Structure formats: structure tokens, C-alpha cells
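Structural description and commentary
Listed below, chain by chain, are the residues.
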Amino acid sequence: MKRFWRALFATAALLASVTPVARAAEPITIGFSMELTGPLAVVGKTGLLAMQIWAEDVNARGGLLGRPVRLVFYDDQSNSSLVPGIYTKLIDIDKVTLLISSYGTNLVVPAIPVAIAKNRLFYFGSYEGLRHLQAVDLNSGTLSDAQRAGVTDPLSQRLLQY
């Protein structure tokens, strides 16, 4: 009888270890720096509020591409010298899915070399002052075919289809 129970528990343990567990979809993490203090704090705080409202709305509708959205952000203190470190942390430590820009060219430009060095897609909304970077076609806001070919992240590739 002991062998029966041992065999039953061993079988149950084996089945439990190979049976897939239903998990919620991994969130899409969107990382950015935001000027929450310093001279641009008024703009940064309102921009952050808008992003949080957007994330709540998207999540209420089922998420982005069927996955919940989570914002990961750090205060850049309106100080451009802090931006590269913030974006490095977002990529290397927080492992965010997408990178987006904050407000103001002087706070966007320092993030671009980090994104390029890490081969990450970087969405930015302010094109003023960025014409020399050739990161996007500034008339249409799209990447060139060569730049699209260099995007290796599967989620970014899927988003580029739209």
C-alpha cells in the first residue's frame, strides 16, 4: 500500500511540474525620463499625468497588443546630464519593452545615443532640433527601411507594422 501512495504522489508531482500554469500576460513596460523637478517640472508633471491617464485607459480596454501596460519612469530633474544614466538603467536594470522620450529637445537628444548603442527602438514626439540625427524621416515620422531592418526586438518589429 505504501508503494501505491508513493507512486500516486510521484505521479501527481510529475504532472504538476509539467502542466502549464495559466499566467497573466507579461506587461509591456514603457520606460522614460520625465522632468518632475527643475525648471520644466510643470510640463513634466502634466505630461506624466497624461501618460498615466493613457495607460489606465489602455489597460481598461484590454492593454496594448493584448498585454497590460506599465509605465517605468525616473525624474531627470530637467537636467540633461542625468538622461543617459536613466535610459541605461531603464534598458539594463528595468528591462523595459519600449523607450519613449520626455519633453524638450535638450532632454531627448542625450537619450538617443544610449538607445542606438543598445540597438533599441526609441520613440520621441518632439522632432525640433533633431534634424541632424537622421533617426527618422522627419517629414513622415517614420524609420527608413535600413533602420527598420536593424530593429531586432520582436515587439518593436510588430509595432512598426502599424
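Description of the structure in this document.

Criteria and cut-off values
- Residues numbered from 1 in each chain as written.
- Predicted model: local features only at pLDDT ≥ 70, side-chain atom pairs only at ≥ 80, totals over all residues.
- Heavy atoms only, no water.
- Salt bridge = Lys/Arg side-chain N within 4 Å of Asp/Glu carboxyl O.
- Buried < 20%, exposed > 50% of the residue type's maximum accessible area, 1.4 Å probe, protein only.
- Helix = DSSP H or I, 4+ residues; strand = E, 2+ residues; numbered from the N terminus.
- Core = buried A, V, L, I, M, F, W, Y, C linked by side-chain atoms within 4.5 Å.
- Expected span 1.5 Å × (residues − 1).
- Arc of directions from axis to C-beta.
- Contact = heavy atoms within 4.5 Å.

A separate point is the pattern of salt bridges. Scanning the entire structure with this criterion turns up two salt bridges. The partner of Arg-61 in a salt bridge is Asp-57, with the nearest N and O atoms 3.2 Å apart. The exposure class of Asp-57 is partly exposed, given its relative accessible area of 36%. Between Asp-92 and Lys-118 there is a salt bridge whose closest N-O contact spans 2.8 Å. Of the two residues, Asp-92 is situated in helix H3 (residues 83–92) and Lys-118 in the loop between helix H5 (112–117) and strand E4 (122–123); the sequence distance between them amounts to 26 residues. Accessibility expressed as a relative area gives 32% for Asp-92, which makes it partly exposed.

Let us look at unusual backbone geometry. Phi is positive for Gln-77, which is not a glycine, with a value near 60°. For Gln-77, the location among the structural elements is in the loop between strand E2 (69–75) and H3. Judged by its relative accessible area of 43%, Gln-77 falls in the partly exposed class. Despite not being glycine, Lys-95 has its phi angle at roughly 55°, a positive value.

Bringing the nonpolar core into the picture now. Grouped together as the largest cluster of nonpolar side chains are 29 residues, with contacts concentrated most on Ile-30, Phe-32, Leu-71, Tyr-87, Leu-90, Leu-99 and Phe-122. Of all the elements in the fold, those that place two or more residues in this core are strand E1 (28–34), helix H2 (41–60), E2, H3, strand E3 (98–100), helix H4 (105–108) and H5. When residues in this core are grouped by element, the largest group, five residues, is from H3.

Before going further, it helps to spend a moment on H2. The end-to-end C-alpha separation of H2 is 28 Å, in line with the 28 Å expected for 20 residues at 1.5 Å each. By the burial criterion, the buried members of H2 are Ala-41, Gly-44, Leu-48, Met-51, Ala-55 and Val-58. With its buried residues spanning 110° around the axis, H2 presents them on a single face. Exposed and oriented more than 90 degrees from the buried face of H2 are Val-42, Ile-53, Glu-56 and Ala-60. On its buried face, H2 sits against E1, E2 and E3. Following H2 by one or two positions, Gly-62 has its phi on the positive side, about 105°.

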